[in-house]
Every structure is written in structure tokens, then in C-alpha cells.
Number of protein chains: 2
Amino acid sequence: MAEPGFLIDGPQYGNWSESLFREIRGAGIDGLHVTVAYHEDFRETVERIVDWNRRFETYPSLIMPGRCAADIDRARASGRTAIFLGLQNPSPIEDDIGLVEILHTLGVRFMQLTYNNQSLLAAGCYEADDAGITRMGREVIREMNRVGMVVDMSHSAERSTLQAIELSERPIAITHANPHAWHPVLRNKSATVLKALAASGGILGFSLYANHLAGGAACTLESFSEMVARTAELMGVRHIAIGSDLGQDQTDAIIKWMRDGRWNKSGSETPGLGKPVLPPQPPWFCGSRDFPNIRAGLRNVGFAEADVTAILGMNWYRFYAASFGPAAAQRSQAAR
Amino acid sequence: MAEPGFLIDGPQYGNWSESLFREIRGAGIDGLHVTVAYHEDFRETVERIVDWNRRFETYPSLIMPGRCAADIDRARASGRTAIFLGLQNPSPIEDDIGLVEILHTLGVRFMQLTYNNQSLLAAGCYEADDAGITRMGREVIREMNRVGMVVDMSHSAERSTLQAIELSERPIAITHANPHAWHPVLRNKSATVLKALAASGGILGFSLYANHLAGGAACTLESFSEMVARTAELMGVRHIAIGSDLGQDQTDAIIKWMRDGRWNKSGSETPGLGKPVLPPQPPWFCGSRDFPNIRAGLRNVGFAEADVTAILGMNWYRFYAASFGPAAAQRSQAAR
């Protein structure tokens, strides 16, 4: 039986297949944000979108393209999952701001301004120094705001993230990270960032990736759920959601690509992460099928039912509804 | 005062500017098919689409993106011209059938299978031999049918054109050409082709490009209008329209690019065409502003008012309405 609210997750970066789509459907996931690129250039990213077009054509009873929040309603009504595309790095726009609108037209709804390293737009969380949002970064944020592509700062450094929150005229997202105070790694976010994010109307997706969890894969459901409760107190329950960062059925090769891309020859040394291997998941969240455990965990730490529903999807739904269309100024212009 | 029916033309390949858009608006053109690529590869074509996105952003009171026939209604209602994108060659899809859907999503609604030469899909009208639609060509026609991109055979050879008409499950277009019997050049079409086109529900756009006109730029409005009347008798008045092939404000450079692209080093010898120079227009059709002359010419050779309205736009409108959406099989699948 379907839960009363929509179930929405993402990003996930699974090794997509019919069986994985069946698991996602079986889990009742109505909307899913998936990663289509890490270090790919524009042409390579288009080929990954072609892969998605082929999947939509091949599995029309399981998945459908997600372009706006209302597609989640349509997906639920037809027993499918609406798939929303996201980029973990701005490499797909190369040095060409016109590609923001092109990729939005092709379905991309999220773009990280950085992936760990300095990009043309901002600094990543593993750089020693963070000079903030670049000249091109300011232009691209404005363009993303205009067309309705969400600024995602999950892998960005602190100063760049705070500047992005301030510069963006529309709320931004940190789609997959956790509070630094709970698990102090460079990928997790300071209370300063999380408070600024919430104050600007933004949203945090809690990650279930072991490297972001206190205790790694040994993290307990209770510890995770308590962390969610503390973050709700810090940010407000309307500003938190799930961004599981699941990579089901993937191999170590995807981790090598994420971390090293083509930007180094010898294998990077990402601080504190060791070799590029796919880490194990905590036993209570091994796949999309385990969302009932998260639901139970949140109930057990005292969340009201309406808050559980908000965290597991309705907050994303409201954020999607406000974020994916053209900016209000554009809308009024088009209506003239 | 707006004429009762929509005025629709194309392709045109003007050197686009605010003044040209103002002329097109002043002429009351509600829908316009424009050429975005001749020999460009995918990445270059995307940049030409970026140029159009910039124009839509810069001149929102004059033009708007045209994606479906209903956009022509919206354009008329808001005093603008809906712009529909077309490719004169399949070079933008390279050797990648997935790019058909990608380019359709980006707004492309017409694609010629060849431009004068042999392509990966078919033979052009200046090749000595025509082996017909290729293996990839058959696949691409099926994919164009699926997504709603019109097969355009304006620059194709006879056998390839007849095969395309037969293979395509949806009506095709010859967007800009005239009857070979009226002016016997390789770019104009035989009665066999024109009858097969009409029998399959397809449509011919009459060209106003001097090389396609009997007498060239000295062609009279009476001769042109009589030719339209004879073609209406051959094909039926529902299967003819205007595809003016206007290149306003262009220079000889565009003709050089059309004819030679990058496929030869020394300048091609296109049979019967001489040097690559932009030919003069007949004095009664020098630009979009001169559509009233065509209207008068058609009236003068005895077309009923409803037929004039059909030829000047409503036939294109009906063809657009049937052609730009997903194939019926797709639509019923999506509705399941």
C-alpha cells in the first residue's frame, strides 16, 4: 500500500537495470534524482542522457522522465518512478554558459558547482584554499536561477558554499551530505552552512554513504535518526530530506571515476578516504528496498507522522515545485 | 489587420537580427521554420541552438520557440512569430541515432536526410548514382517517426526520395523545391515524386530561391503562380505550401558554406550553379514583407480564398499538428 506522501530520494548513482528499477518501484519511490555525470564533458554527458532516453523507451511501465514536480504525481498515478537528472560537477557545461539552458532542456535539474576540486565556478571541499565563487560562477548561478536548474553544493568548500547561498536568488540544495558536527569529515557541512542554507529556503539531503556516516557502515539506525532529529532542530523540519547517495550494483570502478576522473595520472589521495573502493552500506540501508527502516527509525526518535512524510519526500516535492521552472521574472515576461 | 489564416513559411536562413524579426512580424508571419545547420556536427549545431536561445531571451516580444502547432496559436495571440528549427543535413546526428531524440528535445522539427551529397542516410541530388536509403537511414527514419521529427527530402536524389516516402510511416516533407517540369534543375522534383508525396499525405513547400525558379530572378509572379496552380492540380491543394528559402541579409559566405562545407578543398562544382554567390531575388519577392504579392498572385490565377489561406499557412499548420508529437503508438503507451 502506498504511503500517504510521495517518497523521493536522490541522488543515486546505481548501475541501472530492470531489476534495480523493479526494486525502486517495489520500494514505492515516486521521484528519484539520479547522477548522469561526474567528469564527463558535454558530448559525453549527452551520451549518458541518450542512455536514459533508451531506458525510458525500454521500461515505460517502470520509469518516466521527470521534468517538474507534477511528473511525480503522474508517476504515482501510473505506478512508475519519475527520474530527474543531475550533474555532480559543471564539467558538462565546459566553458560555455549557453549549455546550462541546453542541458536544462534535456532534463537536467541539478548541477553541483564543484566536485571535490576547484572548478571553473567554485572551490571543492578537498582544496587547501577556497577563493569562493569565480567570475564565471556568478554568471552561471544567475543563468541556473533563470532557467530553473538547482545549484547543488554537496562537494563544495565552505566559503564557496556560503557565497553560493548568498548569490543565488533561488534556494539552493546540498543534495547529499550530513552535519560535520556529527561526523567531522570534509564532505560534511558546518552548522554555519546548514543554518544559512535553511535561512535562505534551501534544503539538505541526508547521505547514507558510509564515508559520510558516524562510524561508517557500522553507524546505527538510532545514531542516524538522532542526527536527523538534531538537524531538524537546527534547520527546521521543512529543510531536510533524504539524498541517499546509493550506488547499487556498482563496482569500485565508479568510485575511481568519481575521485580521479582524468584530472590526475597516479590516483588521487583524497584526504581520509584511502583507496577508491565502493564502501559497504550500513546493514539497515543496503538499497532502496530499505526505506521502511529509515521511516521506522525516524518514528522511533519521536518525529510526528507529518514530519516523517515531509522528510521522506514532501520537502523535496515542495522544493522541486519551486525550483525547476523558469524564474518568476521569466514567467511573467512569457505571459505578457 | 491579420489575415484570417495563419501565415507560415520556411525554411528561411536569414542573417538574423532585430530588424529582420521586425520585418517578419510586420509581415504577419505566425510560424517560421529556420535552418540551424548545413554541415555542422552535433556540438556546433548545439551552439547554433544556443544562438537561438539567446535570441528568444533578447527579443521576447518578437519571437518565441515553436515546438508544436499550438505554439503558432500562442504566437498569434501574443503578436509574435513562433520559430521552428530545422536541419538541412543529418551531419548534426553524426553516426549516433540517439541524437535524433536529443535534437528533437532541443527543438529540432525537420531534418533533411541529405544535402546535395551522399550522406550516411541517403543520396543527394547532385550525386551521379543514387543507391537509395542506407541501413542507418532506415533506422533513422523509424526513429524520426517515433519522436516526431519530419523527414525532409528537399536536397535528395529521386530514388532516395521515393524510398523515404515509402519507408516513413508518417508523411514527409519536401520543404523547399519546385516541380522539375516547370524548371528542370536537379534540385526540383519530378511529377513521380510529387504525386507519391501527395499520395502519402506529405507536403511540398514552393521555393522562391532564384536557382529553383523558371527564368531565375527574372521569373514573373504570374509564372510562379501558374506553376502553383498546375501543382495544385497534380498534388491536391492540401499538399502544397510556401518554403521560401529566403536568406535575407546574408552574404556569399553562407552559399559557400552550404555548397562546400568542409567536404572539399577547392570549391565544388555544383552542376549548373556556377560560383557560390547569393543569387538575386525576383523583384516581387525580396523579403518576408513581400508575402502580400504571393497572396495577390495566387488570387489572380484563380485560387479561391480558402485555398490561398491553405497554401500560405493552414496546410503547414495541419502538417505541423500531425507531425511534431510522438508517434501514435508512443502516445498510447505513455497514456497507459
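Structure's up top.
Quick caveat: nothing in here was measured; it's all calculated off a predicted structure. (Residues numbered from 1 in each chain as written. Chains lettered and ligands numbered in written order. Predicted model: local features only at pLDDT ≥ 70, side-chain atom pairs only at ≥ 80, totals over all residues. Heavy atoms only, no water.)

A. Representation of the overall build of chain A. Tallying secondary structure elements over chain A gives 12 helices and 9 strands in all. Out of the 336 residues in chain A, the part that is buried amounts to 61%. Sequence separation of 24 or more characterises 71% of the internal contacts of chain A that already satisfy a separation of 6 or more. For chain A, the computed accessible surface area is about 12,700 Å², with 53% contributed by carbon and sulfur atoms. (Helix = DSSP H or I, 4+ residues; strand = E, 2+ residues; numbered from the N terminus. Buried < 20%, exposed > 50% of the residue type's maximum accessible area, 1.4 Å probe, protein only. Contact = heavy atoms within 4.5 Å. Areas by Shrake-Rupley, 256 points an atom, 1.4 Å probe, with all protein chains shown as cover.)

B. Inspection of the environment of W52 of chain B at higher detail. Residues and elements named next belong to chain B. With respect to the element layout, W52 can be found in helix α2 (residues 42-58). Between the C-alpha atoms of W52 and L85, which are 33 residues apart in sequence, the distance is 9.1 Å. Look past the residues within four positions of W52 in its chain and what remains in contact with it is W16, F21, V34, V36, I63, I83 and L85.

C. Up close: the pairing of strand β5 (residues 108-112) of chain B. Residues and elements named next belong to chain B. Counting buried residues in β5 gives 5 out of 5 residues, a clear majority hidden from the surface. Note: strand β4 (residues 81-87) against β5, 3 bridges, orientation parallel. Its bridge partner being in β5, G86 is matched across the sheet by F110. Bridging between β5 and strand β6 (residues 150-152) involves 3 bridges; their strand directions are parallel. The partner of F110 across the bridge, within β6, is V150. Handedness of the β5-helix α5 (residues 135-147)-β6 crossover: right-handed. (Pairing = 2+ DSSP bridges. Right-handed = clockwise from strand over helix to strand, strands pointing away.)

D. Layout of the packing of aromatic side chains. Inspection of the entire model under this criterion finds 39 aromatic pairs over all chains. With 5.2 Å between their ring centres and 90° between their planes, F285 of chain A and F291 of chain A make a pair best called edge-to-face. Ring geometry for F224 of chain B and W284 of chain B: centres 5.6 Å apart, planes at 45°, overall tilted. You can see F224 of chain B sitting in helix α8 (residues 221-235) and its partner W284 of chain B sitting in the loop between α9 (252-260) and α10 (291-300), a full 60 residues away along the chain. Accessibility assignment for this pair places F224 of chain B and W284 of chain B in one class, buried. R55 of chain A extends its terminal NZ or CZ atom over the ring of W52 of chain A, reaching a point 4.5 Å from the ring centre. (Phe/Tyr/Trp six-rings, centres within 6.5 Å; stacked < 30°, edge-to-face > 60°. Lys NZ or Arg CZ within 6 Å of the ring centre and 35° of its normal.)

E. Main features of the packing of helix α4 (residues 98-105) of chain B against α5 of chain B. All names here are of chain B. At a closest axis distance of 9 Å, the pairing of α4 and α5 adopts a crossing angle of 30°. What the angle tells us is that α4 and α5 run roughly parallel. Judged by the sense of rotation from one axis to the other, the crossing of α4 with α5 is right-handed. Contacts between α4 and α5 pair V100, E101 and H104 from the former with V140, E143, M144, R146 and V147 from the latter. Considered class by class, the residues forming the contact of α4 with α5 number 4 nonpolar, 1 polar and 3 charged. (Axes fitted to C-alpha atoms, helices over the stretch in contact; angles between N-to-C directions. Parallel < 35°, antiparallel > 145°, perpendicular 65-115°, else oblique. Left-handed = near helix turned anticlockwise from the far one by under 90°. Nonpolar A, V, L, I, M, F, W, Y, C, P; charged D, E, K, R; others polar.)

F. Expanded view of the relation of the copies chain B and chain A. You can overlay chain B on chain A at an RMSD of 0.0 Å; the transform is a turn of 180° with a shift of 0.0 Å along its axis. Both copies of the chain, as the preceding transformation shows, are related through a two-fold rotation axis. A share of 100% of the interface residues of chain B reappears at the interface of chain A, consistent with the copies meeting face to face through the same patch. (Least-squares fit on C-alpha atoms with pLDDT ≥ 70 in both.)

G. How the structure looks around the pattern of salt bridges. One pass over the full model with this rule turns up 34 salt bridges over all chains. Taken together, the salt bridges that share partners define one network made up of R43 and E47 of chain A together with E94 and D96 of chain B. (Salt bridge = Lys/Arg side-chain N within 4 Å of Asp/Glu carboxyl O.)

H. Spatial organisation of the pairing of strand β2 (residues 29-37) of chain A. Residues and elements named next belong to chain A. Counting buried residues in β2 gives 9 out of 9 residues, a clear majority hidden from the surface. Running through helix α1 (residues 18-26), the crossover from strand β1 (residues 7-12) to the neighbouring parallel element β2 is right-handed. Where β2 lies against strand β4 (residues 81-87), 6 bridges are found, and the strand directions are parallel. Paired with T35 across the two strands is G86, which belongs to β4.

I. Highlighting the interface of chain B and chain A. Between chain B and chain A, the contact holds 25 residues from the first and 25 residues from the second. Counting the surface lost from both chain B and chain A, the interface buries some 2,000 Å², and carbon and sulfur atoms represent 55% of this. Interface area lost by chain B to chain A is led by R43, E57 and I102 of chain B, which between them contribute 24%. Inspection of the chain B/chain A interface yields 6 salt bridges. Scanning the region where chain B abuts chain A turns up 6 residue pairs in polar contact (both at pLDDT 80 or more). Mapped onto the side of chain B that touches chain A, the elements with two or more residues apiece are α2, α4 and α12 (328-335) of chain B. Per-element tally for the side of chain B that touches chain A: the top contributor is α2 of chain B, with 9 residues. Class assignment of the residues belonging to the side of chain B that touches chain A gives a composition of 10 nonpolar, 5 polar and 10 charged. (Buried area = accessible area lost by both parts, 1.4 Å probe. Polar contact = N/O pair within 3.5 Å; in protein donor to acceptor, adjacent residues only side chain to side chain.)

J. Region of interest: the environment of E40 of chain B. Residues and elements named next belong to chain B. Relative to the helices and strands, E40 is located in the loop between β2 (29-37) and α2. Remark: the alpha-carbon pair of E40 and Q88, spanning 48 residues in sequence, is separated by 9.9 Å. At a separation of 2.6 Å, a polar atom in the side chain of E40 contacts the main-chain amide nitrogen of Y38.

K. Representation of unusual backbone geometry within the structure. All names here are of chain A. In this structure, P11 follows G10 across a cis peptide bond, with omega equal to 10°. At D245, a position not held by glycine, the phi torsion is positive, near 60°. Along the chain, the position of D245 falls in the loop between β9 (240-242) and α9 (252-260).

L. Focus on the packing of helix α7 (residues 191-199) of chain A against helix α8 (residues 221-235) of chain A. All names here are of chain A. At a minimum axis separation of 9 Å, α7 and α8 run at an interaxial angle of 60°. What the angle tells us is that α7 and α8 run oblique. Each of A191, L194, K195, L197 and A198 in α7 lies in contact with α8, whose residues at this interface are T231, L234 and M235. A per-class count over the contact of α7 with α8 returns 6 nonpolar, 1 polar and 1 charged.

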